[in-house]
Amino acid sequence: MANIDFHFKTNYAVSSKIEPFYKGGKVQISKDEQYIFCTCGSRVNVLEISTGKIVHSIEHDDQEDITSFALSCDDEMLVTASRALLLKQWDWRLAQCTRSWKAIHTVPIASMTFDCTSTLLATGGCDGTIKLWDVVKQYCTHNLKGSSGVVHLVQFHPDIDRLQLFSSSLDCGIRLWDLHTSQCVCVLQSHYSAVTSLSFSPDGDTMISSGRDKICTVWDLKSRTAKRTVPVYEAVEGIVILPVKKDLSQIGVQNRDLHFITAGSKGLLRVWEASTARCVYNQVLPSTLGPSSEEDKEPDDNPRGLTYLFHLATSARLATVTAEHNIVLYQLPALSTQQQFVGYSDEVLDVKFLGQNDSHIVVATNSCQLKVFELLTNTCQILYGHSDTVLSLDVFKKGFVFASCAKDRSVRVWLMDSDSGHVRCMAYGSSHTNSVGSISCSRLKTSFFVSGSQDYTVKVWDLPADLSTTGTDLHQLAARATEKAHDKDINSVAVSPNDKLLATGSQDRTAKLWSLAGDAAIDLLGVFRGHRRGVWSVCFSPVDQVLATSSADGTAKLWSLQDFNCLKTFEGHDTSVLKIIFVSRGTQLLSSGSDGLLKLWTIKTNECVKTLDAHQDKVWGLHANKKDDKMVTGSADSNITVWMDVTEMELAEEQVKQEDQIMKQQELSNLLHEKKYLKALGLAISLDQPHTVLSVIKAIRQTEDSSELLEKTVLKLRVDQKESLLRYCGVWNTNARNCLEAQAVLKVLLTHLPPEELLQYQGARTVLEGLIPYTERHMQRIGRLLQASMFLNYMWQKMRVAGAPSSMSQDEEMDTTPLGPEPVFMIDKEGGKGSGDDQRDEGDSGNDEDPNCPAEEEEEEDDEKVSSAQKVTTNGNHHSESESSAEEDEEQMTVTPTKSLTTSTLPPLSALTS
């Protein structure tokens, strides 16, 4: 045990969240079929279909609910209407409002649509009027009156040359408006309930309408008469005319006649032949697989009911929206389920980790459907089986089999395929006489589970040994043992780690301990009394013989399994404690309350070490994975949150960061080797390491035509990269070893960028002010070196004169001009080599090169350089010299002032002495 790495939990941080993104209202899919637009209160959320992530969220400043919206056919403009009677035009990719105007309607807008040119926008109001807007020229073009009541449907004819608009309101008629004359040319009467959808044939001469009166009508738009009425026996919310040239024989299309597909209250897709009014295909839905059936319910209560239907022509798919706010995509021609998104989960009642390495979570919401989310992509499987709200879940040890129970008085066992991730129902049992509120699985193997019900009984259910190999057949379970356990509803059951004990908690304020050792009986061992209100949760310690309970009295308690006495009481929640679990190998507890708070307790000190606040309502679901480094919570606020132990998260992030740094360094080395300096410099800046960026600058300056290449590379950087580069120059310039690179980059930036742009950079003023004193110091140092070199030149000439032969011509004069090419401050073509000489002179201290190290006082260094200057050899051009008077000598020793130094580059010592 001493070798086991163990630590107390001190904090959990939110790793990811699954939040509602659609709560009802309009849904639209972009023309490029990449995004789904849907309303969620005061926002329009943009869901990326490929990833299942919300990539944009459009919200009005006044936070008024959005009553309708429309996306233009070119996917460029989004227009929203709110209860404040304002229309707003958005650049939705940037989430920026580009224009807003008053809607003129006296009441909120109920429907909106664009024409196929994305020029005209039609708005139908609750005041019975329709207005058309030219969104390019920004004015109202038409004001159409005559509809009775709310105009809930407006749609342009797809042929823009006809310039026709169709609308429907509470009188159930379909009005045809001629936009040339702004007149209603006819009212198509066939429906006696709300018209929900219109679909046009490819030639534009036929239109099919659907309604909640359970009929669809085929219209001849040339004669403006009804050709056929098709009884579909369900309230239809969406209709799509199928393409004629596609092979759709798999869904019953056997000829080239007009066929259409409907979606409605029955929750299934059906294909109809328009000419014969015959249904040629019925979609097969996942069966409930048991005695409970949704078919007995009224269609209005069917959670599978469909509210929208879209045809994605490019990818040959159909998209539907269900009454429970799920968005499902089907692939034609087989209508196979491709993707499912859960827009709104209502109250989350329970949640558990599932799959290999906790890759999925299974969620029970206020619904008869179970939802299995893949955490990496947020894609979802919707599991049908229960016919009433699922109340509780539990997972067997290996993590691929789980059990559920519901208000429909049944229990079900589900299996996840480890390869495909597909989940299917394997077994069911239904012998309880009331809602089943809690379930607990065996801890050692997939052999049995226990359920507790509002009928006051607990049941033990045995599973067949060949459960995973039974194929598609559903196994019916029979309870091995049944026991009346409490006098009120049983809220929680838990199986001990060794599968020998069972704990139950009830509304009768007690928890009880039972023996599971008998084959056909559940024996009572003891009662835990002490809570003042009902017991919501019970949980066994994984290491000690103790039981934890939580109650509506706001406390959690720890009990001894030996004498049934209360060992500790944890008080901290102000409201009911709904769930409690052990973590840190039984040394700590996690509790969740109806106040939305989570509390982390250390058992030994009886202390709450952390309170976590991420939910706004009751936290019913609470589960930790096997390693205790991750937990998941589900709340009545319909949010699902995945938490990570902060220590584990930090370790994982550090490991990822190190691996990323290694990969980027290798990529940087490859780019420099391939002389791709622009990409190398951009990558180095992204690492945010000034020393790495400096190495790239030095590599550029060692090339031929280094000045031109550096200028070309720096100017091609993005604005944010130039901003970082300017900041790095301020660091490099503090060190004499790196000032040449800093000044070279500064020359490019100051020469080519206007001051107005430079001053927009974050911290630019501070950086530029910091450059001045160090630049002046570098200039002064080089000025002193230049003067010293002139003095040495003079001394060298004098030494030559003193040792010259007597035959030297009197006319020869000593050359005292400064050594080196003119101008003095021009770097030689191999600038990098020159800087190396400078570094050798300054490198005696032995310090490594560090761009972050500020320059030290350099006056003493300059003196040392002067004293060692005799090591430098001169190769300048010398004229024949003659002796001169002392006055001439004094003139020669007088040093002329140097030219003013520029801040562009600083010369290496080799350039001054060559």
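Residues numbered from 1 in each chain as written. Predicted model: local features only at pLDDT ≥ 70, side-chain atom pairs only at ≥ 80, totals over all residues. Heavy atoms only, no water.

Asker: Please clarify how the overall build of the protein chain should be interpreted in this entry.
Answerer: The helix and strand inventory of the protein chain stands at twelve helices and 57 strands. For the protein chain, the share of sequence-separated contacts (at least 6 apart) that also reach a separation of at least 24 residues comes to 49%. (Helix = DSSP H or I, 4+ residues; strand = E, 2+ residues; numbered from the N terminus. Contact = heavy atoms within 4.5 Å.)

Asker: Would you mind going over the pairing of strand E36 (residues 411-416) with me for this structure?
Answerer: Looking along a regular strand, one sees side chains alternate from face to face of the sheet. The buried fraction of E36 is high, at six of six residues. Of the two faces of E36, the one holding Val411, Val413 and Leu415 and the one holding Arg412, Trp414 and Met416 are both buried throughout. When strand E35 (residues 401-406) meets E36, the two strands line up antiparallel, connected through five bridges. By the bridge assignment for E36, phenylalanine 402 is matched with tryptophan 414. The turn linking E35 back onto E36 is made up of four residues, and arginine 409 within it adopts a positive phi angle of 70°. Pairing analysis gives six bridges linking E36 to strand E37 (residues 423-429), with the strands arranged antiparallel. Bridge pairing in E37 links methionine 416 to valine 423. Connecting E36 to the antiparallel partner E37 that follows it, the hairpin turn spans six residues, and glycine 421 within it adopts a positive phi of roughly 80°. (Buried < 20%, exposed > 50% of the residue type's maximum accessible area, 1.4 Å probe, protein only. Pairing = 2+ DSSP bridges.)

Asker: I would appreciate a short explanation of the packing of helix H2 (residues 677-686) against helix H3 (residues 690-701) in the present structure.
Answerer: Geometrically, a packed helix pair is captured by the angle between its two axes and the distance between the axes. It is the contact of H2 with H3, at a shortest axis distance of 8 Å, that shows an interaxial angle of 165°. In terms of orientation, H2 and H3 fall into the roughly antiparallel class. For the element pair H2 and H3, the recorded crossing hand is left-handed. Touching Tyr677, Ala680, Leu681, Ala684 and Ile685 of H2 are Thr692, Val693, Val696, Ile697, Ala699 and Ile700, all from H3. Tallied by class, the residues present in the contact of H2 with H3 amount to ten nonpolar, one polar and no charged. (Axes fitted to C-alpha atoms, helices over the stretch in contact; angles between N-to-C directions. Parallel < 35°, antiparallel > 145°, perpendicular 65-115°, else oblique. Left-handed = near helix turned anticlockwise from the far one by under 90°. Nonpolar A, V, L, I, M, F, W, Y, C, P; charged D, E, K, R; others polar.)

Asker: What's the story with the side chain of serine 551 in this structure? I'm lost.
Answerer: Note that serine 551 resides in strand E48 (residues 546-551). By relative accessible area, serine 551 is classed as buried at 0%. Among the polar contacts listed, one links the side chain of serine 551 to the backbone oxygen of arginine 533, at a separation of 3.2 Å. When near neighbours in sequence (up to four residues on either side) are disregarded, serine 551 contacts His531, Arg533, Gly534, Val535, Trp536, Ser576 and Val577. (Polar contact = N/O pair within 3.5 Å; in protein donor to acceptor, adjacent residues only side chain to side chain.)

Asker: Would you mind going over a negative patch on the surface with me for this structure?
Answerer: Judged by side-chain charge, Glu704, Asp705, Glu708 and Glu711 come together as a negatively charged surface patch. Inspection of the secondary structure puts aspartate 705 in the loop between H3 and helix H4 (706-715). Classification of aspartate 705 by relative accessible area gives exposed; the value is 58%. (Patch = residues over 30% accessible without salt bridge, like charges linked within 9 Å, V, L, I, M, F, W, Y side chains within 5 Å. Areas by Shrake-Rupley, 256 points an atom, 1.4 Å probe, with all protein chains shown as cover. Salt bridge = Lys/Arg side-chain N within 4 Å of Asp/Glu carboxyl O. Lys, Arg positive; Asp, Glu negative; His and termini not counted. Charge placed at Lys NZ, Arg CZ, Asp CG, Glu CD.)

Asker: Would you take a moment to explain the nonpolar core for this structure?
Answerer: Inside soluble globular proteins, nonpolar side chains tend to come together where they are buried. In this structure, Val693, Leu726, Trp732 and Val745 are the most contacted members of the largest nonpolar core, which totals 33 residues. If you look at the next biggest cluster of nonpolar residues, it comprises 18 residues, including Val240, Leu269, Val280 and Leu335. (Core = buried A, V, L, I, M, F, W, Y, C linked by side-chain atoms within 4.5 Å.)

Asker: In this structure, what is going on with the pairing of strand E7 (residues 78-82)? I would like to understand it.
Answerer: Counting buried positions over the five residues of E7 gives five, a clear majority of the element. By the alternation rule, side chains of E7 split into Leu78, Thr80 and Ser82 and Val79 and Ala81, which are all buried. Pairing analysis gives five bridges linking strand E6 (residues 66-71) to E7, with the strands arranged antiparallel. Within the sheet, the bridge partner assigned to isoleucine 66 lies in E7 and is serine 82. In the sheet, E7 pairs with strand E8 (residues 86-91) via four bridges, with the strands oriented antiparallel. Paired with threonine 80 across the two strands is lysine 88, which belongs to E8. A loop of three residues connects E7 with E8, the two strands running antiparallel in sequence, and leucine 85 in this loop sits at a positive phi of about 65°.

Asker: How should I be thinking about the sheet that holds strand E46 (residues 523-529) in this particular structure?
Answerer: By way of backbone hydrogen bonds, the strands of a sheet pair with one another, either parallel or antiparallel. Taken together, the four strands give an open sheet; going across it, the order is E43-E44-E45-E46, and neighbouring strands pair in antiparallel fashion. In this open sheet, the two edge strands, each paired with only one partner strand, are strand E43 (490-495) and E46. Averaged over all pairs of adjacent strands, the angle between their axes in this sheet comes to 20°, without regard to strand direction. Direction of pairing for strand E44 (residues 501-506) relative to strand E45 (residues 510-515): antiparallel, over a ladder of five bridges. Bridge pairing in E45 links threonine 504 to lysine 512.

Asker: Honestly, the pattern of salt bridges in this entry has me stumped. Any pointers?
Answerer: Side chains carrying opposite charge are able to pair once their charged atoms draw close together. Following the criterion strictly, the structure yields 19 salt bridges and no others. Residues lysine 222 and aspartate 205 are paired through a salt bridge, measuring 3.6 Å at the closest nitrogen-oxygen approach. A residue pair is termed long-range when its members are at least 10 positions apart, and lysine 222 in the loop between strand E20 (215-220) and strand E21 (225-231) and aspartate 205 in the loop between strand E18 (195-200) and strand E19 (206-211) qualify at 17 residues. Classification of lysine 222 as exposed rests on a relative accessible area of 66%. Residue class for aspartate 205 comes out buried when judged on its relative accessible area of 16%. Where aspartate 350 meets lysine 352, a salt bridge forms, and the shortest distance between an N and an O atom there is 3.1 Å. Where salt bridges share partners, they join Asp159, Arg162, Asp205 and Lys222 into one cluster.

Asker: Sorry if this is basic, but what is going on with the environment of arginine 412 here?
Answerer: Relative to the helices and strands, arginine 412 resides in strand E36. The exposure class assigned to arginine 412 is buried, which follows from its relative accessible area of 0%. Separated by 17 residues in sequence, arginine 412 and glycine 429 place their C-alpha atoms 6.4 Å apart.

Asker: Could you clarify how one ought to interpret the packing of aromatic side chains in this entry?
Answerer: For any pair of aromatic rings, the description consists of the separation of the ring centres together with the inter-plane angle of the planes. Taken as a whole, this structure holds twelve aromatic pairs when the rule is applied. Ring centres of phenylalanine 528 and phenylalanine 564 lie 5.3 Å apart, and the angle between their planes is 65°; this geometry places the pair in the edge-to-face category. Pair noted here: phenylalanine 528 is in strand E46 and phenylalanine 564 is in the loop between strand E49 (555-560) and strand E50 (566-571), with a separation of 36 residues, a long-range link. Joined through ring pairs, the aromatic side chains of Tyr35, Phe37 and Trp92 make up one cluster. Above the ring of phenylalanine 69, the side-chain terminus of lysine 26 is found at 5.3 Å from the ring centroid. Above the face of the phenylalanine 448 ring, arginine 480 is positioned so that its terminal group lies 5.7 Å from the ring centre. (Phe/Tyr/Trp six-rings, centres within 6.5 Å; stacked < 30°, edge-to-face > 60°. Lys NZ or Arg CZ within 6 Å of the ring centre and 35° of its normal.)

Asker: I would appreciate a short explanation of helix H6 (residues 739-752) in the present structure.
Answerer: Counting along an α-helix, one turn takes 3.6 residues, and residues three or four places apart therefore face a common direction. Between the first and last C-alpha of H6 there are 20 Å, a value that for 14 residues agrees with the 20 Å anticipated at 1.5 Å per step. Within H6, ten of the 14 residues are buried, which leaves the element mostly enclosed by the surrounding structure. (Expected span 1.5 Å × (residues − 1).)

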